[in-house]
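Architecture at a glance
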Amino acid sequence: MHPAGAHDRARSCTTVNSVGAAMRACDHTCVHDLSPAGGRLQPGAALCRNDTELIMREWWIHVALICVPLVAVYLHIPPPQPSPALQQWHSSGEEFTFRGWTVFYRDSYGALGSSDVIILLHGFPTSSYDWNKIWEPLTQRFNRVIALDFLGFGFSDKPRPHSYSIFEQASVVEALVAHLGLSHQRLNVLSHDYGDTVALELLYRSDQNRTGHLTFNSLCLSNGGIFPETHHPRLLQTLLKDSGFLSPLLMRLTNYMIFQKGIGDVFGPYTQPTDAEFWDMWTGLRHNDGNLVLDSVLQYINQRLKHRERWVGALTSTFVPLHMIYGPLDPVNPHPHFIRLYQQLVQRSTFTVLDQHISHYPQLEDPTGFLNAYFNFIHSF
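Each chain has its residues counted from 1, running along the sequence as written. Residues qualify for local features only when their pLDDT is at least 70, as the model is predicted, and side-chain atom pairs are given and counted only at 80 or more; totals for whole chains, interfaces and linings, by contrast, use all residues. To obtain the side-chain values, all non-hydrogen atoms of the structure were included, while hydrogens and water were left out.

**Considering the overall build of the chain**
Note the following rule: For helices the rule is a DSSP run of H or I covering at least 4 residues; for strands it is a run of E covering at least 2, with both sets numbered from the N terminus onward. When checking whether two residues touch, look at their non-hydrogen atoms; a contact exists if any pair is within 4.5 Å. All accessible-area figures derive from a Shrake-Rupley calculation using a 1.4 Å probe, and residue coverage is judged against the displayed protein chains alone.
Helix and strand content of the chain: 16 helices and eight strands. Within the chain, counting contacts between residues at least 6 apart in sequence, those at least 24 apart form 78% of the total. Total accessible area computed for the chain in this model is approximately 18300 Å², and 57% of it derives from carbon and sulfur atoms.

**Section: the packing of aromatic side chains**
Selection rule: Working definition: rings of Phe, Tyr and Trp (its six-membered ring) pair if their centres are within 6.5 Å, and the pair is stacked with planes under 30 degrees apart, edge-to-face with planes over 60 apart, and tilted otherwise. A simple rule labels every residue: compare its accessible area, found with a 1.4 Å probe on the protein chains alone, to the largest value its type can have, and call it buried under 20%, exposed over 50%, or partly exposed in between. Criterion for a charge above a ring: Lys NZ or Arg CZ within 6 Å of the ring centre, and within 35 degrees of the ring normal.
Taken as a whole, this structure holds 23 aromatic pairs when the rule is applied. With centroids separated by 5.3 Å and ring planes inclined at 45°, the aromatic side chains of F259 and W282 adopt a geometry described as tilted. Placement of F259 in helix α9 (residues 256–264) and of W282 in helix α10 (residues 275–286) is noted, with a sequence separation of 23 residues between them. Of the residues examined, F259 reaches a relative accessible area of 7% and is grouped as buried. Grouping aromatic residues by their ring pairs yields a cluster made of F124, F150, F153, Y194 and Y300. Between the NZ or CZ atom of R106 and the centre of the ring of W89, over which it lies, the distance is 4.2 Å. Positioned above the aromatic ring of F319 is the side chain of R348, whose terminal nitrogen or guanidinium carbon lies 4.2 Å from the ring centre.

**Brief notes about unusual backbone geometry**
F124 connects to P125 through a cis peptide bond whose omega is 0°. Its place among the elements puts P125 in the loop between β3 (117–121) and α4 (135–141). Note the cis peptide between R160 and P161, where omega equals -5°. When you line up the elements, P161 lands in the loop between β4 (144–148) and α5 (166–179). A positive phi angle, close to 50°, is found at R99, a residue other than glycine. Counting through the fold element by element, R99 comes out in the loop between β1 (94–98) and β2 (101–109). Residue N288 is not a glycine yet carries a positive backbone phi of 55°.

Note that every value here comes from positions in space, so none of it alone points to a role or purpose.
In structure tokens form, the structure reads like this:
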């Protein structure tokens, strides 16, 4: 037979242990101060409960320390700050209003002995800053060099929800040309990637003599997915444009490291952007929460397929001088399938294939080779 006091003491310890069991097993020795008469819990049990409360508070502090940074990452707080070079680009530009939205553009006057004007159309998911490495040389050849950030890109407004389309972006370009008083000026258009498709819509409107159309002097394209059958969008692009209700989550979770990896994959191994250049691209994307409109902007891929006959037809039937500058290491428009189809379908066009290590961003990867190819084209007619 066990003494009654020992039995009560064991039962009391069980009672004390049950207080902490909701949080964790009580693996420390509880302080027992039980009266032999009644076996009632004394202040030692209160100490064990206080210990549990302290553990609970510490647990919530740890949860907060983990969750707050995760929430900050999810909400992209704080937003990235532009580098001095990107700030200079921004401060050198101007803005105009299109249907109530603000559109950023740059307009530089250059060569005094020329009346030629060139307008530059950038690609996805970057901005007019894509042209920064060839900007000064272009101003030495052209009287005016103009570039804009499409709606949803760079320093332009990024409305949401909004149905972004190639048609609207072409209208943005036409509105800018009218704003600058160049509606009757013959324009040289130089485009890249997403900008190629915008250029083809502008070309279609020009050849159809649509109201407000641009008057082309020439068109030079570069590494754009103008043929859906040879275009290979990146996995993240496909997920964002086709994932429906999951797209907002994916856009929130797209951080700088994911972006850097995705962009780096479409540059050649020997022509990778510097850390500062990666950061400038990311900053331009994140400005005005541009990451949150990617799913809508990416519908241009589906629009290319739907309107292939319109845009490829404009390219194959126009009499405007045409040229293609192509980086052959491009995984989005791979060699040789893309350039072979271009040669086959666009027989009036000339083309330049750059060095084999140049990929999807030829104007950034090989600005000298890109400029040489472009100036040879411009001087050929």
